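Each chain, letter by letter, is given below.
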Amino acid sequence: ACGNSDTGGGDGGGDGKIVLGFSQVGAESGWRTANTTSIKDAAVEAGIELKFDDAQQKQENQIKAIRNFIQQKVDVIAFSPVVESGWDTVLKEAKDAGIPVILTDRAVDSADKTLYKTFLGSDFVKEGRLAGEWLVEQTKTAAGPVNIVELQGTTGSAPANDRKEGFAAAIAANPNLKIVASQSGDFKRADGKQVMEQFLKANPDIDVLFAHNDDMGLGALEAITAAGKVPGKDITIITIDAVKDGMQALADGKFNFIAECSPLLGPQLMELVKKVEAGEEVPARIETEETTFTQEQAREALPNRKY
Ligand code: GZL
C-alpha cells in the first residue's frame, strides 16, 4: 500500500508492497507443513511481503504474534486459530488499529462477526460426515456391534470439534456402530501412536479407527502392527487430510478411506489479502474444494499429488 491506506490500517512496506502478518498454528503435521509452504510460495508469487510466525500450537504465542503485527502496522493480518475460543480481545485490538483480519483453515467462536473480514477453509463437519457415511455404507450388513475408537485432533480446535460432530451424526444411521473410546492425539503422529496403544490395551476387539488426521492414523499404524494386528484388515482405518504419507498408506491397503482436507490455501489467501487491503467487499466464507479417496482412487491419484 502506498502511504497510509484509507482503511486507516498499516502503512505497508517501504517499497509499496502489501505487508501481511500471518500467525501459523505450528508444524504439527504433514498438512500443516504443506499449508505453510502454500502460503509462503503464494506470497512470493503475489508480491506480498509476508511476516510469518510459527506459534508451536500455543494460543498465547498467536496472540503475541498478532500484537506484534499490530505494532508493526502491517496492512493485513491472517491466521489459523489453534483453538476456537479466546480471540475476541486481540481481534478487537486489530480492529481498533484499523487492520483487517482474515481467518484461514480454522474458525473462531467469536459472536462478533465484524472482528474478521472472511473465513477461507474447509467444512470440517462435512469431512467428518463423509467419513461416517462411508463406514455406514461399509457396515450395513454387519450382524453384531462394530467397535470404533476415535483419535481426536487438538482439543478445542474447530477441526476436532466439527469432525467429531459430523462423524457421530453420520454413524447414528447404524445402531451397530459404537464409539467405544475417543481421545485427543493433538493431530500428531507420536501422540496418535501413544493413544492407540492405550486403546488397544483397554479394548480387545477394536474393529475401526477413525483418526481426525492422517498423521495420527500413521502413528496408530505402528501401535496396531506392534499389537500383532493387520491395519486395513483387522482394523479398518478412516482418516482425514489426504497428505502424501496418508495417501501412500491408503494405496498400500493400510488405511481404508480418507476424506480430503486441502492445505493449499495460499493463492486464494493472497487474492483475498489484495481485495481486503484495497477495501473491496469479500464473501464472509470461502470453502475449499475437496473430495474423498478409496484405496483404488489413492493408487490412481498418488502420482499427481502435490503435497
Ligand atoms: C485442518 C487443519 C488440521 C489438519 C491437521 O484444516 O486445521 O490441522 O487436519 C492439522 O493435519 O494439524
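Residues numbered from 1 in each chain as written. Predicted model: local features only at pLDDT ≥ 70, side-chain atom pairs only at ≥ 80, totals over all residues. Heavy atoms only, no water.

Thoughts on the site of the ligand
Right, on to step 1. The full set close to the ligand counts 13 residues, and E28, D105, R106, R163 and D241 are the nearest of them.
Right, on to step 2. R32 places a polar side-chain atom, nitrogen or oxygen, 3.1 Å from an oxygen atom of the ligand.
Right, on to step 3. Between an oxygen atom of the ligand and a side-chain N or O atom of D241, the distance comes to 2.6 Å.
Right, on to step 4. Coverage of the ligand by the protein amounts to 100% of the 310 Å² it exposes when considered alone. (Near = heavy atom within 4 Å. Polar contact = N/O pair within 3.5 Å; in protein donor to acceptor, adjacent residues only side chain to side chain. Areas by Shrake-Rupley, 256 points an atom, 1.4 Å probe, with all protein chains shown as cover.)

A word on helix α8 (residues 244–251)
Right, on to step 1. Within the sequence span of α8, burial applies to G246, M247, A249, L250 and A251.
Right, on to step 2. Each element contacted by the buried residues of α8 is listed here: α7 (214–226), β10 (257–260), β12 (292–293) and α10 (295–301).
Right, on to step 3. G253 lies just past α8 and shows a positive phi near 85°. (Buried < 20%, exposed > 50% of the residue type's maximum accessible area, 1.4 Å probe, protein only. Helix = DSSP H or I, 4+ residues; strand = E, 2+ residues; numbered from the N terminus. Contact = heavy atoms within 4.5 Å.)

Concerning the pattern of salt bridges
Right, on to step 1. The final tally for this structure, using the stated rule, is 18 salt bridges.
Right, on to step 2. Across the pair D96 and K92 runs a salt bridge, and its minimum N-O distance is 3.1 Å. With D96 and K92 both in helix α3 (residues 88–96), this residue pair falls 4 residues apart, about one helical turn.
Right, on to step 3. Residue classification places K92 among the partly exposed residues on the basis of a relative accessible area of 41%.
Right, on to step 4. For D215, the salt bridge is made with R189, and the minimal N-O distance between the two is 3.8 Å. In this pair, D215 is assigned in helix α7 and R189 in helix α6 (residues 189–202), connecting sequence segments 26 residues apart.
Right, on to step 5. Members of the salt-bridge network, linked through shared partners, are E28, R32, D105 and R106. (Salt bridge = Lys/Arg side-chain N within 4 Å of Asp/Glu carboxyl O.)

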